[in-house]
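Take a look at the letters that make up each chain.
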Amino acid sequence: MQPTLVYAICSFNDIPSRQAVGFHLMVLEDDGNRRPWPIIVVRWGKKVLGYVNECPHHSVNLDWEQNQFLDPNGIRLMCGKHGSTFELGTGRCVEGPCQGRALTPIALVVVDGDICAVGVHLVEDDA
């Protein structure tokens, strides 16, 4: 059995509570190919949530400006293209053209003060 890979994305404290930040990562597929993996990380108090940054309506990124993911009330994720809104906890679209569909969740954990992705194989920087 292979060990679970864990990749630090950022420090927990890099994202203020009740904020969302986007990251542009690269996934290494089983066949060795690389593909872009844009994600959204939401911090809500001590909880972190993650979704692929892709609206299920037209496969566009949600942010209309860099790191602008939340609706005007700051309580839902919102697609900047068509205004669809998504529940933070489930990713389910509750208003807009993709109502009833959902964002793709990603597995995140906090380890030693870092927000980490699990369950994927990321391409690491050569730094």
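### Observations concerning the overall build of the chain
Then comes step 1: Of the regular secondary structure elements, the chain holds zero helices and nine strands.
Then comes step 2: With the principal axes as the frame, the chain shows a C-alpha extent of 40 × 35 × 30 Å.
Then comes step 3: Each of the 127 residues in the chain was classed as buried or not, and the buried ones make up 39%.
Then comes step 4: Looking at the chain alone, contacts between residues at least 24 apart form 50% of all its contacts between residues at least 6 apart.
Then comes step 5: Approximately 7700 Å² of the chain is accessible, and the part contributed by carbon and sulfur atoms is 46%.
Then comes step 6: Taking the average place of the 10 positive charges on the side chains of the chain and the average place of its 15 negative ones, the gap between the two points comes to 10 Å.

### Re the sheet that holds strand S7 (residues 93-95)
Then comes step 1: Ordered by their spatial adjacency, three strands build an open sheet running S5-S6-S7, and the pairing between neighbours is antiparallel. Edge strands, defined here as strands with exactly one partner in the open sheet, are strand S5 (76-78) and S7. The sheet shows a mean angle of 40 degrees between the axes of neighbouring strands, direction not considered.
Then comes step 2: As judged from the three bridges shared by S5 and strand S6 (residues 85-87), these two strands associate in the antiparallel manner. For Met-78, the partnering residue across the bridge sits in S6 and is Thr-85.

### What to know about the pairing of strand S3 (residues 34-44)
Then comes step 1: Relative to S3, strand S2 (residues 19-28) is paired through ten bridges, and the arrangement is antiparallel. Each bridged residue has a counterpart across the sheet, and for His-24 the counterpart in S3 is Pro-38.
Then comes step 2: Counted between consecutive antiparallel strands, the loop separating S2 from S3 contains five residues, among which Gly-32 sits at a positive phi close to 95 degrees.
Then comes step 3: Here S3 pairs with strand S4 (residues 47-52) via six bridges, running antiparallel. Bridging across to S4, Trp-44 finds its partner in Lys-47.
Then comes step 4: Taking the residues between adjacent antiparallel strands as the criterion, S3 and S4 are bridged by two residues, where Gly-45 takes a positive phi near 70 degrees.

### Observations concerning the environment of Val-120
Then comes step 1: Secondary-structure assignment places Val-120 in the segment after strand S9 (114-118).
Then comes step 2: Spatially, the C-alpha atom of Val-120 lies 9.0 Å from that of Ile-106, the residues being 14 residues apart in sequence.
Then comes step 3: Non-local contacts of Val-120, meaning those with residues more than four positions away in its chain, are made with Leu-5, Tyr-7 and Trp-37.

### A word on the side chain of Ser-84
Then comes step 1: For Ser-84, the location among the structural elements is in the loop between S5 and S6.
Then comes step 2: The buried category is assigned to Ser-84, whose relative accessible area is 0%.
Then comes step 3: Residue contacts for Ser-84: discarding those within four places in its chain leaves Leu-77, Met-78, Cys-79, Cys-93, Glu-95, Gly-96, Pro-97 and Cys-98.

The rules behind each value
Residues numbered from 1 in each chain as written. Predicted model: local features only at pLDDT ≥ 70, side-chain atom pairs only at ≥ 80, totals over all residues. Heavy atoms only, no water. Helix = DSSP H or I, 4+ residues; strand = E, 2+ residues; numbered from the N terminus. Buried < 20%, exposed > 50% of the residue type's maximum accessible area, 1.4 Å probe, protein only. Contact = heavy atoms within 4.5 Å. Areas by Shrake-Rupley, 256 points an atom, 1.4 Å probe, with all protein chains shown as cover. Lys, Arg positive; Asp, Glu negative; His and termini not counted. Charge placed at Lys NZ, Arg CZ, Asp CG, Glu CD. Pairing = 2+ DSSP bridges. Axes fitted to C-alpha atoms, helices over the stretch in contact; angles between N-to-C directions.

Worth remembering: the numbers are spatial, not functional.
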